[in-house]
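The chain contents come next:
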Amino acid sequence: MLSNHYTITEVQQIINATGTIVNADTISTLLTDSRRINNPVGGLFFALSGRRNGHEFIAEAYATGVRNFVVKDGPEIKLADANILIVPDVLTALQQLAKHHRGQFDLQVIGVTGSNGKTIVKEWLYQLLFPDKNIVRNPKSYNSQIGVPLSVWQITASNNLGIFEAGISMPGEMERLEAIIQPSIGVLTHIGSAHDEGFADTDEKIREKLKLFKHCELFIHNYDQLLPYKADLPKTKCFTWSRSFKQADLYVFTETVIEKNYYLRAIFNGEEIECLVPFTDKASVENAIICWATMLAMGYKPAEADKRIERLTRVSMRLELKNGINDCSIIDDSYNSDIQSLEIALNFLNQQNQHEKNTLILSDIFQSGLPEDELYKQVAQLVKAQKIGRFIGVGEALVKYQDYFEVPEKYFYTDTVALLNHLNTHAFKEETILIKGSRKFEFERVSRALTQKAHETVMEINLNAMVNNLNYYRSKLQPGVKLMAMVKAFSYGSGTFELANVLQYHKVDYLAVAYIDEGVSLRQTGINMPIMVLNAEPSAFDKLIKYKLEPVLYSFNLFDEFIKFAQNRDVLNYPIHLKIDTGMHRLGFEITDIGILADLLEQNKYIRVISVFSHLASSEAEEHDDFTLQQITGFKEACTEIEEALGYPVIKHILNTSGISRWPGAQFDMVRLGIGLYGVDAAIPGDENALQPISSLKTNISQIKKVPAGDTVGYSRNGAMPKGGKIATVRIGYADGYVRAFGNGVGKMLINGTLVPTIGNISMDMTMLDISAVPDIDEGDEVIVFNDQVKIEELAKQIGTIPYEILTNISQRVKRVYFYE
């Protein structure tokens, strides 16, 4: 994050560090991730410890050019020409530095916390206040113990308002964040059940959150929400809003939906005022009221507050990865542009390996708090550091400073219309394109022009949720245990290179696919990590070798086929994996044949065994634990015999997703993470908050019809409506993976928060829903097939199957869109 400058000696004094200083460096950037280093020369790397020990990545950061490090007191770290600052706790040091930096500036700061809506309220306050203020704020949702210090570090002398959100997950955290943010105005958003698991109860969570406001001069909150906590409120001036308490500072007494807007009437300072909110959903309306109350509390006139709130736009906090024209990949971040979010987006672009060429389409950046000349020097530096192949700048400022940009190809346009008029001249093909623009430039028009036209039924994949699930299982592993991610069957219906890129970026040890062609596809899209092929076909062994894929040998016939192939090609010591059948009785060498296999392996120069593994038949089921233990015991004995024959150790693995959860003593050297990566694990029903579903399947309503009494719906007239009613036809059918078993009321979909049943048979491309009991549904409305509320496990139960089948049934014609925050 870009900020003011401190000498390394000043930093050492601020954080009370010992250590060695060999260079008189100046620090401008705080670094916590060795994979995201854009300014190594002015960078200070904090070796934080969490799920992974940051000290393991010091060498990687050093290789990028970083020469300043904050490390924990322990074994001596020797790096030539590097400054090493040693502290008892690295996170505390990061927070101390940010706290000191915050203390150098006398600016008004709004601190925002709550269970839901923190990021939206922060971003909307930015939209509402930036005409009058030079604002610094958290990038995206950087609201954690690490994110807040990195956000506060951005403050410069040109800022006169800060808006920082704070999120906590356990007691004791908020006091540390309050000391860093030092808010003068406090805003509390909606309190719900989010993050309850870290607290004894809701009361403890609320009291912890209120600690953010203990030194505020003004505290804005919902009177009704905090009524039971009067004794815990900060002893300061409060501005309250309410829908029921007439004595609140802002009493909202009338709420009406007018077309696609929400009309509010309220009493403020004894007078009736009004506000038109450009959204109608419950959460957005509450967030808008919070912003309304904040503006009034800060002294804005009611008419001005109303005028600005009417112009609020939706906040897009996620990068959207989707298929583009001519085999391009599009990263859509077309609603938001500042230098911090640009850095985040460029790092995500850098994770993509599917194309050799990358392109950045960028608009002018507003409200940076930096002199224009300095701003675009920094932008040009980021672009150069990320090795952008083609740069397209849009806006008068980028045209003015175009000479700063050193890229192989660069083009500049004064406005979006000029770019659209010349879009076809750029011949976009087989490249990854990041579209990053301020809302004023309407880059959604550029995104539409470059995005591949697709079926309106969409499967959204949340890459952050997948990373959360990965880290959840990593937290269960013993030190040194490797992790293999299963990405077979189109990654359980969720995608190929899109997910593999993220897994490679997060340093998974191995990937596993079912067939050679799946592995070839990953190699062709830039995946260079080890890939195990579970069902290698002899006819494609040549591709296996060409693309450096590692086959599983599970039978004597396949073993002989591969050895012959290796002999004929003069291939020596080729990496392979052995599968042992310990009771699944699907594929694998029988336990009774291990002696024969050991003889074949002894001094075999054509192969090198990388791993030996087996598959548990029922790791999730307690009633079969004796059998599972029998499998594990047999596997141990087989591995011992194989290693004795080989004369060297191999990686041993037997645990699948449920096995990781239930059998920690059988982790051996590696585990295989499958369906759990995608948010499903039958072995942890009591820990449902641990995993996040990564997929949402959405469609919309094509047509709404009134059906007369006695008529029927769909093929074979199975959808009877004896009393008549109303139906909605939606754009999904069995060709999309919504199978016929869901028909005739078995399946249910979510429309405007209400579950509605199917009626009649499922058609190839369409499904009919009975919406007779649900008012206010319109053609074009969104329909949820499954998400984090309508869970895949429930759909599986409806038709008597398993979540794996639901996910892998979603057909390729359903557009996949990937989101990353």
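Rules and cut-offs
All chains use their own residue numbering, which begins from 1 and follows the written sequence. Reporting of local features is limited, given that this is a predicted model, to residues whose pLDDT is at least 70; pairs of side-chain atoms are given and counted only at 80 or more, and all residues count toward the totals for whole chains, interfaces and linings. Only heavy atoms go into the side-chain values, all of them from the structure, while hydrogens and water stay out. Every axis corresponds to a line fitted to the C-alpha atoms, with the helix fit spanning only the stretch in contact, and the corresponding angles, defined between N-to-C directions, vary from 0 to 180 degrees. We count a stretch as a helix when DSSP gives it H or I for four or more residues in a row; a strand needs E for two or more, and each element gets its number in order from the N terminus. Working rule for angles: under 35 degrees goes down as roughly parallel, over 145 as roughly antiparallel, 65 to 115 as roughly perpendicular, anything else as oblique. For a crossing to be left-handed, the near helix must be turned anticlockwise from the far one by less than a right angle; the clockwise case is right-handed. Whether two residues are in contact is decided by their heavy atoms, any of which lying within 4.5 Å being enough. For this classification, the nonpolar set comprises Ala, Val, Leu, Ile, Met, Phe, Trp, Tyr, Cys and Pro, the charged set comprises Asp, Glu, Lys and Arg, and every other residue, Gly included, is treated as polar. When accessible area is computed with a 1.4 Å probe and restricted to protein chains, residues below 20% of their type maximum are described as buried, those above 50% as exposed, and intermediate ones as partly exposed. Only strands that DSSP links by at least two bridges are regarded as paired with each other. Pairing of N or O atoms within 3.5 Å defines a polar contact, subject to two protein rules: one partner must be a possible hydrogen donor and the other a possible acceptor, and residues neighboring in sequence count only if both atoms are side-chain atoms. Classification of ring pairs rests on two measures: the distance between centres of Phe, Tyr or Trp rings, Trp counted by its six-membered ring, which must be within 6.5 Å, and the angle between planes, read as stacked under 30 degrees, edge-to-face over 60 and tilted in between. Remark: a charge is flagged as sitting over a ring if the NZ atom of Lys or the CZ atom of Arg is within 6 Å of the ring centre and within 35 degrees of the ring normal. The quantity known as pLDDT measures the predictor's confidence residue by residue, on a range of 0 to 100. Every patch collects residues that have over 30% relative accessible area and no salt bridge, joining them within 9 Å if they carry like charges and within 5 Å if they are nonpolar side chains (Val, Leu, Ile, Met, Phe, Trp, Tyr). With residues, only the protein chains shown are counted as cover, and all accessible areas are computed by Shrake-Rupley using a 1.4 Å probe. Throughout this description, the term salt bridge denotes a Lys or Arg side-chain nitrogen within 4 Å of a carboxyl oxygen of Asp or Glu. In this charge count, Lys and Arg are treated as positive and Asp and Glu as negative; neither His nor the chain ends contribute. In plain terms, the charge of a residue is placed at NZ if it is Lys, CZ if Arg, CG if Asp and CD if Glu.

Description of the packing of helix α4 (residues 118–129) against helix α8 (residues 282–297)
To characterise two packed helices, one gives the angle between the axes of the helices and the distance between these axes. For the pair α4 and α8, the least separation of the axes is 10 Å and the interaxial angle reads 50 degrees. Classified by the angle their axes make, α4 and α8 are oblique. Judged by the twist between their axes, the crossing of α4 over α8 is right-handed. Side by side, α4 and α8 meet where I120, V121, W124, L125, L128 and L129 of the first sit next to S284, N287, A288, I290, C291, T294 and M295 of the second. Of the residues in the contact of α4 with α8, the class split is 10 nonpolar, three polar and no charged.

Describing unusual backbone geometry
A positive phi angle, close to 55 degrees, is found at K387, a residue other than glycine. Along the polypeptide, K387 turns up in the loop between α11 (372–385) and β19 (390–394). If you check the backbone angles, N752 has positive phi at about 50 degrees while not being a glycine.

Focus: the packing of helix α21 (residues 594–601) against helix α22 (residues 625–646)
Packing of α21 against α22 brings their axes to within 8 Å, and their N-to-C directions diverge by 20 degrees. Viewed along their axes, α21 and α22 adopt a mutual orientation that is roughly parallel. In the crossing of α21 with α22, the sense of the turn from one axis to the other is right-handed. Each of I594, G595, L597, A598 and L601 in α21 lies in contact with α22, whose residues at this interface are A638, E641, I642, A645 and L646.

Examining the pairing of strand β3 (residues 26–31)
Here β3 lies mainly inside the structure; five of its six residues are buried. Alignment of β3 against strand β4 (residues 43–46), held across three bridges, turns out to be parallel. The partner of L31 across the bridge, within β4, is F45.

Concerning the side chain of Q354
Topologically, Q354 is positioned in the loop between α10 (339–351) and β18 (357–363). At 3.3 Å, the side chain of Q354 forms a polar contact with the side chain of Q352. Dropping the residues within four chain positions of it, Q354 is found in contact with L321, S329, T432, F497, N501, Q524 and T525.

Quick notes on the packing of aromatic side chains
If you walk through the whole model with that rule in mind, you get 24 aromatic pairs. Seen in terms of ring centroids, F405 and F412 are 6.0 Å apart; in terms of plane orientation they differ by 55 degrees. Their pairing is tilted. One exposure class covers both F405 and F412, and it is buried. Ring pairs connect the aromatic residues F541, F562, F565 and Y574, which therefore count as one cluster. The ring of Y505 is capped by R35, whose NZ or CZ atom sits 4.1 Å from the centre of that ring. Over the face of the ring belonging to Y648 we find R608, whose NZ or CZ atom lies 3.8 Å from the ring centre.

Side note on the side chain of K652
The residue K652 is located in strand β30 (residues 651–653) in this model. Judged by relative accessible area, which is 15%, K652 ranks as buried. Apart from the residues lying within four places of it in its own chain, the contact partners of K652 are V612, F635, C639, E643, Q667, F668, D669 and M670.

A closer look at the sheet that holds strand β13 (residues 250–258)
Within the open sheet, the nine strands sit side by side as β8-β9-β7-β10-β11-β12-β13-β14-β15. Their pairing is mixed. This sheet does not close on itself; its edge strands, each paired only once, are β8 (135–137) and β15 (271–277). Along the sheet, successive strands turn relative to each other by an average axial angle of 20 degrees, direction set aside. In the sheet, strand β14 (residues 261–268) pairs with β15 via seven bridges, with the strands oriented antiparallel. Its bridge partner lying in β15, F268 is registered against E271. Lying over the sheet, α4 contacts β7 (108–113), β8, β9 (161–165) and β10 (185–188), oriented at roughly 165 degrees with respect to β9.

Describing the confidence of the model for the protein
Per-residue confidence for the protein averages 91 on the pLDDT scale, and 97% of its residues sit at or above 70. Per-element confidence in the protein ranges from a low mean pLDDT of 68 for helix α16 (residues 488–493) to a high of 98 for β30.

What about a negative patch on the surface?
Where like charges cluster on the molecular surface, the negative patch consists of D599, E602, E641 and E644. Following the sequence through the fold, D599 ends up in helix α21. Owing to a relative accessible area of 55%, D599 belongs among the exposed residues under this scheme.

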